[in-house]
Amino acid sequence: MRIASVDIWTVVVPTISGRVHSAVYGPAGWDMVPKHIIRVHTDDGYEGIGETGRGVPLEAVQRMADDIVGRDPRRMMLQQLPSTDSLDVVEGPHSMDRWWETAAAGPRFPGYEALEMAIVDILGKLYGQPAHWFLGGAVRDRVPADYWIGHQTPEDAAANTRLAVERGFRGMKMKCTGDEPLVARCEAIWEVAGPEFELTIDPNTRFWRLTEALDMARALAARGKVKVFEDPMAKWNLDWYRMFREHGVVPVALHLGDPHDVISAIKAEAVDYLNLGGGMVQFSRNAAMAHAAGIPCWHGSGNDLGIMEFSYLHAAAAARNCVLGSDFVGSWTRQDDLVVEGIQFEDGYAIVPDKPGLGCELDMEALEKYCISK
């Protein structure tokens, strides 16, 4: 088996009006940043699909595609793609050089996650195993999932909450700043869903002072269920996070991807929970560190399309401590997820697919509709 060719589509899939930001807060903007969809073909008829993050240069994806043609995916090291044996990484399997010390977070070249998805998809189909099998196997057949909104007026937030409740969700994550009517927005949500409907508050570090974050936490906790404040303050100031925890008002989390940052947060006793990202293997590594420290986590997202979100779902299913509502949100924020059948949700959970590989297939009609270059 050898990789024979790679298809690359550049796509732009806009968001659905009213699902992300209210008009008063302006358009999302990030939805117009291109992504790339890849499809890897082998010489014996297998295919694997992948999706890049936003803004990855097309030239980098093309270089990656050129590099893997002719390689055997069965020999690739899933923790160091596209290497096909130890000689691609070090001088020999028992080399004493220190290459490994430079790769704490694994490979980081642009488009790596798309390559990882595509190779795992191929191998899953070859061996008849779902993607999570390559991460140690799923520990659950459904993963907790929350609804998601951006910056919204109380009225728009209430309308989206009705949609969330109709779809069976039990919690919601929202973007905000300290200058928005956050208390009124949350009250509008709880008026629709009830005070036990859990809210994740994510200011993206825009509660500018510890006192501001604490005042907001106290105001909201007196009105309904706040599950967690995510990234409320500057991430570099772990002392503020530790002090926030000491007040015990609501739990606090950091959204992290670099393993060094995960270690720093654990050492500083700065978090109750962690929102983790990265590729499938790297997410598993970070989640394992959090698990060893007794810290629950969830899988973050970038409001992505279907292929990437299926990869998130497999990784979350294989992490023992991924027990908080993860962000599989693209299917209701984007006009299309570009897969034939998207993630299935039931009573606040995303159902883990048991089909070989990622468990999804490209919707070619939708792909052509949103493709801007091929």
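Look up: the structure comes first, before these words.
Everything quoted here is computed from the prediction, not taken from an experiment.

## Concerning the overall build of the chain
The number of helices and strands found in the chain is eleven helices and 14 strands. The C-alpha radius of gyration of the chain comes to 21 Å, within 12% of the 21 Å expected for a compact globule of 374 residues. Dimensions along the principal axes, computed over C-alpha positions, put the chain at roughly 60 × 50 × 35 Å. Buried residues in the chain amount to 56% of all 374 residues. Residue pairs in contact within the chain that sit at least 24 positions apart in sequence constitute 73% of those at least 6 positions apart. In the form shown here, the chain has an accessible surface area of approximately 15700 Å², with 50% of it arising from carbon and sulfur atoms.

## Considering the packing of helix 7 (residues 259–267) against helix 8 (residues 280–292)
Packing of helix 7 against helix 8 leaves a shortest axis separation of 10 Å and a crossing angle of 10°. As summarised for this structure, helix 7 and helix 8 are arranged roughly parallel, according to the angle between their axes. Helix 7 and helix 8 meet at a crossing whose hand is right-handed. Contacts between helix 7 and helix 8 involve P259, V262, I263 and I266 from the former and Q282, N286, M289 and A290 from the latter. In terms of residue class, the contact of helix 7 with helix 8 is built from six nonpolar, two polar and no charged.

## Quick word on helix 4 (residues 182–193)
For helix 4, built from twelve residues, the straight-helix expectation of 16 Å at 1.5 Å per residue is met to within 8% by its first-to-last C-alpha distance of 16 Å. Packed against the buried residues of helix 4 are strand 5 (147–149), helix 3 (154–166), strand 6 (171–175), strand 7 (198–202), helix 5 (210–221) and strand 8 (226–230). Among the residues trailing helix 4, G194 stands out with phi positive, at a value near 95°.

## Comments concerning the sheet that holds strand 10 (residues 273–276)
If you walk across this open sheet you meet the seven strands as 5-6-7-8-9-10-11, and the pairing is parallel. What marks the edges here is a single partner per strand, and that holds for strand 5 and strand 11 (297–299). Geometrically, the sheet is characterised by an average inter-axis angle of 25° between neighbouring strands, direction not taken into account. Both strand 7 and strand 8 contribute to a ladder of three bridges, which runs parallel. The residue bridging T200 from the neighbouring strand is V228, located in strand 8. On top of the sheet, helix 6 (residues 238–247) reaches strand 8 and strand 9 (252–256); it is set at about 150° to strand 9, its chief contact.

## Quick word on the pattern of salt bridges
Side chains that differ in charge, positive against negative, can pair when their charged atoms come close. Counting across every chain of the model gives 21 salt bridges. For E51, the salt bridge is made with K35, and the minimal N-O distance between the two is 2.8 Å. Here E51, found in strand 3 (residues 47–51), pairs with K35, found in strand 2 (residues 35–42); they are 16 residues apart in sequence, far enough to count as distant. For E51, a relative accessible area of 0% puts it in the buried group.

## Remarks on helix 1 (residues 58–68)
Taken as a whole, helix 1 has its buried residues at A60, V61, M64, A65 and I68. Along the axis of helix 1, the buried positions cluster into a sector of 140°, meaning they face one direction only. Residues of helix 1 that are exposed and point over 90 degrees away from its buried face: E59, R63 and D66. The secondary structure elements touched by the buried residues of helix 1 are strand 1 (3–11), strand 2 and helix 2 (112–127). Immediately downstream of helix 1, the backbone of G70 shows phi near 95°, a positive value.

## Remarks on the packing of helix 4 against helix 5
Two elements in contact, helix 4 and helix 5, have axes separated by 10 Å at closest approach and are oriented at 25°. Considered as vectors, helix 4 and helix 5 are oriented roughly parallel to each other. Relative to helix 5, helix 4 is oriented so that their crossing is right-handed. Here L182, V183, C186 and W190 of helix 4 come into contact with helix 5, specifically with M216, A219 and L220. Each residue belonging to the contact of helix 4 with helix 5 can be placed in one class, and the counts come to seven nonpolar, no polar and no charged.

Each value, and the rule that gives it
- Residues numbered from 1 in each chain as written.
- Predicted model: local features only at pLDDT ≥ 70, side-chain atom pairs only at ≥ 80, totals over all residues.
- Heavy atoms only, no water.
- Helix = DSSP H or I, 4+ residues; strand = E, 2+ residues; numbered from the N terminus.
- Rg over C-alpha atoms; globule rule 2.2 N^0.38 Å.
- Buried < 20%, exposed > 50% of the residue type's maximum accessible area, 1.4 Å probe, protein only.
- Contact = heavy atoms within 4.5 Å.
- Areas by Shrake-Rupley, 256 points an atom, 1.4 Å probe, with all protein chains shown as cover.
- Axes fitted to C-alpha atoms, helices over the stretch in contact; angles between N-to-C directions.
- Parallel < 35°, antiparallel > 145°, perpendicular 65-115°, else oblique.
- Left-handed = near helix turned anticlockwise from the far one by under 90°.
- Nonpolar A, V, L, I, M, F, W, Y, C, P; charged D, E, K, R; others polar.
- Expected span 1.5 Å × (residues − 1).
- Pairing = 2+ DSSP bridges.
- Salt bridge = Lys/Arg side-chain N within 4 Å of Asp/Glu carboxyl O.
- Arc of directions from axis to C-beta.

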